[in-house]
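Examination of the molecular architecture
This is what each chain is made of:
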Amino acid sequence: MTSSDPTVLPDPWHSLHELLATMDAEIEQVYTERGIKGVRPRFAYPLIRLAHTGPLTIRELAESLNRSHSAISQTVNAMRGEDLVTSEPGTDGRTRRIGLTERGRSLIPFLEAEWRATHATVAELDGEIPYALTAVVEDLRRALAHRSIRQRILARLVEPPR
């Protein structure tokens, strides 16, 4: 055991996680104010995609959204619990095809409108702050492409003696 607990130091990611959680909660509040219960912001992307593609396997949906299979599988399970999607056996027996329920389909016009409003809001925010969040993300991507987070951590990692 080391002499001090490193988790007592401020978490450098806390502010970002907290900000994202707050924004998601406010988007969810928009849904609730419109009488839409049980829908979370993370559902919008896959629901809208399914509305435009028709039924997809979880793998196909994950790839089309550039998300992990695990993340989409969890999201699909949560959406199924809210009667937003169906899950039918695929053609090979090993896969399931995910489609929209009537309830899911009925929400698409609102979700698309909210999606557009959210994107416009992000663009507005980018114009209000001295350094646009989208630019920060791209600058971080470029810096990490030059030297990954893994490489940077390994350069600073001092492992305890065995």
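Residue numbers run consecutively from 1 along every chain, following the written order of its sequence. Whole-chain, interface and lining totals are the exception, using all residues; otherwise, since this is a predicted model, local features are given only for residues with pLDDT of at least 70 and side-chain atom pairs are given and counted only at 80 or more. Note: side-chain values were computed over all heavy atoms of the structure, leaving out hydrogens and water.

When DSSP locates at least two bridges between a pair of strands, those strands are taken to pair. Helix and strand definitions follow DSSP, with helices as H or I runs of at least four residues and strands as E runs of at least two, each counted in order from the N terminus. Pairing within the open sheet is antiparallel, and its three strands lie in the order β1-β3-β2. What marks the edges here is a single partner per strand, and that holds for β1 (56-57) and β2 (85-89). In the sheet, β2 pairs with strand β3 (residues 96-100) via five bridges, with the strands oriented antiparallel. Across the sheet, the residue bridging to Thr86 is Gly99, located in β3. Lying on the sheet, helix α4 (residues 69-81) is in contact with β2 and β3; it crosses β2 at an angle near 115°. Contact definition: two residues touch when any of their heavy atoms are within 4.5 Å. To define axes, lines are fitted to C-alpha atoms, for helices over the stretch in contact only, and angles between the resulting N-to-C directions are given on a 0 to 180 degree scale.

Pairs were defined over the aromatic rings of Phe, Tyr and Trp, the Trp ring being its six-membered one, requiring ring centres within 6.5 Å. Orientation was assigned from the angle between planes: stacked under 30 degrees, edge-to-face over 60, tilted for the rest. This model, assessed by the stated rule, comprises two aromatic pairs. With 5.9 Å between their ring centres and 75° between their planes, Tyr31 and Phe110 make a pair best called edge-to-face. Residue Tyr31 is located in helix α1 (residues 14-33), and its partner Phe110 is located in helix α5 (residues 102-128); the two are separated by 79 residues in the primary sequence. Between Tyr45 and Trp115, the ring centres sit 5.1 Å apart and the planes meet at 35°, which makes this aromatic pair tilted.

Our focus in this paragraph is the pattern of salt bridges. The term salt bridge refers to a pairing of a side-chain nitrogen on Lys or Arg with a carboxyl oxygen on Asp or Glu at a separation within 4 Å. Applying the stated criterion across every chain yields a total of four salt bridges. Notably, a salt bridge pairs Glu60 with Arg97, separated by 3.4 Å at the nearest N-O pair. Of this pair, Glu60 sits in helix α3 (residues 58-65) while Arg97 sits in strand β3, and the two are 37 residues apart along the sequence. Residue Glu138 pairs with Arg141 through a salt bridge whose shortest N-O separation is 3.4 Å. Note that Glu138 and Arg141 are positioned in helix α6 (residues 133-146) at a spacing of three residues, about one turn of the helix. Three labels apply to residues, based on accessible area from a 1.4 Å probe with only protein chains included: buried if under 20% of the type maximum, exposed if over 50%, partly exposed otherwise in between. The exposed category is assigned to Arg141, whose relative accessible area is 54%.

The nonpolar side chains of soluble globular proteins are, as a tendency, buried together. Residues enter a nonpolar core if they are buried and are Ala, Val, Leu, Ile, Met, Phe, Trp, Tyr or Cys, with the set joined through side-chain atoms within 4.5 Å. In this structure, Val39, Leu47, Val76, Val85 and Leu111 are the most contacted members of the largest nonpolar core, which totals 25 residues. When residues of this core are assigned to their parent elements, the largest contribution, five residues, is made by helix α2 (residues 41-53).

Bringing the pairing of β3 into the picture now. Here β1 runs beside β3; their pairing, made up of two bridges, is antiparallel. For Thr57, the partnering residue across the bridge sits in β3 and is Arg97. Between the antiparallel neighbours β2 and β3 lie six residues, among them Gly93 with a positive phi of about 80°.

Once that is clear, we can look at the packing of α2 against α3. Relative orientation of the contacting elements α2 and α3 amounts to 110°, with a least axis distance of 11 Å. When the axis of α2 is compared with that of α3, the two are roughly perpendicular. The segment α2 lies against α3, with Tyr45, Pro46, Arg49 and Leu50 engaging Leu61, Ser64 and Leu65. Polar here means any residue outside two lists: the nonpolar Ala, Val, Leu, Ile, Met, Phe, Trp, Tyr, Cys and Pro, and the charged Asp, Glu, Lys and Arg; Gly therefore counts as polar. Its residues assigned to classes, the contact of α2 with α3 shows five nonpolar, one polar and one charged. When describing relative orientation, an angle under 35 degrees is termed roughly parallel and one over 145 degrees roughly antiparallel, while 65 to 115 degrees is termed roughly perpendicular and anything else oblique.

As for its position among the elements, Thr95 is in the loop between β2 and β3. Once residues lying within four places of it in the same chain are set aside, the contact partners of Thr95 are Thr57, Glu88, Pro89 and Gly90.

Across the chain, each position has a pLDDT score giving the predictor's confidence in that residue, from 0 to 100. Here the chain averages 93 in pLDDT, and 99% of its residues register 70 or above. No element of the chain has a lower mean pLDDT than β2, at 91, and none a higher one than α2, at 97.

Grid spacing is 1 Å over the protein atoms alone, the probe is 1.4 Å, and a cavity is where that probe fits but cannot get out, while a pocket is an open set with protein on both sides within 12 Å along at least five of seven lines and lining residues have an atom within 4 Å of a point. Grid points are joined across faces, edges and corners, and a volume is the space filled by probe spheres set on the points. In this structure, the largest pocket spans a volume of roughly 1600 Å³. Along the wall of the largest pocket there are 38 residues; nearest its centre are Leu20, Met23, Asp24, Val122 and Leu133. A per-element tally of the lining of the largest pocket places α5 first, with nine residues. A breakdown of the residues in the lining of the largest pocket according to their chemical character gives 25 nonpolar, seven polar and six charged.

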